[in-house]
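# Coordinates in review
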Amino acid sequence: MTGAADISRTCSRCSRVTTARGGRVPKFCAICGQRLPETAAVKYADRPPGFAPPAATASLILGLCAFIPMVGIFFAIGAVWLGTLANDQINASHGHLGGRGMAAVGTGLGLCAGMLWLAVCAGCRLF
Ligand SMILES: [Zn+2]
């Protein structure tokens, strides 16, 4: 889902559709000068395709840190939260952002570590 049609914006005042020319996306309407709405496609148009949002990278790192004893549970919560956040950003970008796998792995690691530490805590209370 890339191309000129993907990075076009409709003016809220005169309803004229402004499309990108030469890869550059205009910020204002050519007809009435109204500031054009910022869409996800426009927001990420200057990023290389498949660019991973920082939240996805952070989620993966936190997911790995989540297996550290004692403090891991906090990293696990962060990994799941950031992984979910990154996934939302990726969905909202309409194919401009990558890193879906990274966000999924980060969330998965966070969930696994979270359950592991909850099981460890439950085990400590039992014995
Ligand atoms: Zn206009």
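Residues numbered from 1 in each chain as written. Predicted model: local features only at pLDDT ≥ 70, side-chain atom pairs only at ≥ 80, totals over all residues.

From N to C terminus, the protein chain includes four helices and two strands. Counting the 127 residues in the protein chain, one finds 29% classified as buried. Pairs at least 24 residues apart make up 59% of the contacts formed inside the protein chain by residues separated by at least 6 positions. (Helix = DSSP H or I, 4+ residues; strand = E, 2+ residues; numbered from the N terminus. Buried ≥ 20, exposed ≤ 12 C-beta atoms within 10 Å, placed from the backbone. Contact = placed C-beta atoms within 7 Å.)

Secondary-structure assignment places Pro 48 in the loop between helix H1 (40-43) and helix H2 (54-65). On the basis of neighbour count, Pro 48 is assigned to the exposed category, with 8 C-beta atoms found within 10 Å. Residues Pro 48 and Gly 98, 50 residues apart in the sequence, show an inter-C-alpha distance of 9.6 Å.

The next point concerns the packing of H2 against helix H3 (residues 72-92). It is at 8 Å that the axes of H2 and H3 come closest, and there the two elements cross at 155°. Comparing the axis directions of H2 and H3 gives the class roughly antiparallel. Seen along the crossing, H2 lies across H3 with a hand that is left-handed. Contacts between H2 and H3 involve Ala 55, Ala 56, Ala 58, Ser 59, Leu 62, Gly 63 and Cys 65 from the former and Phe 75, Gly 78, Ala 79, Leu 82, Gly 83, Leu 85, Ala 86 and Gln 89 from the latter. For the contact of H2 with H3, the class distribution of residues is ten nonpolar, five polar and no charged. (Axes fitted to C-alpha atoms, helices over the stretch in contact; angles between N-to-C directions. Parallel < 35°, antiparallel > 145°, perpendicular 65-115°, else oblique. Left-handed = near helix turned anticlockwise from the far one by under 90°. Nonpolar A, V, L, I, M, F, W, Y, C, P; charged D, E, K, R; others polar.)

Next up on the list: the environment of Val 105. Tracing the backbone through its elements, the reader meets Val 105 in helix H4 (residues 100-126). Here Val 105 falls in the partly exposed class, since 18 other C-beta atoms lie within 10 Å of it. C-alpha of Val 105 to C-alpha of Val 80: the two residues are 25 residues apart in sequence and 9.6 Å apart in space. Apart from residues no more than four positions distant in its own chain, Val 105 is found in contact with Leu 60 and Gly 63.

Attention now goes to the confidence of the model for the protein chain. Taken as a whole, the protein chain shows an average pLDDT of 84; of its residues, 82% reach a score of 70 or greater. By mean pLDDT, H1 is the weakest element of the protein chain at 63, and H2 is the strongest at 96. In this model residues 1-5 is a low-confidence stretch, pLDDT under 50, and it forms seven contacts with partners more than four residues away in sequence or in other chains. (pLDDT = per-residue confidence, 0-100.)

Glancing now at H2. Its twelve residues give H2 an end-to-end C-alpha distance of 16 Å, which sits within 8% of 16 Å, the value for a rise of 1.5 Å per residue. Considered for burial, the residues of H2 that qualify are Ala 55, Ala 56, Ala 58, Ser 59, Leu 60, Leu 62 and Gly 63. (Expected span 1.5 Å × (residues − 1).)

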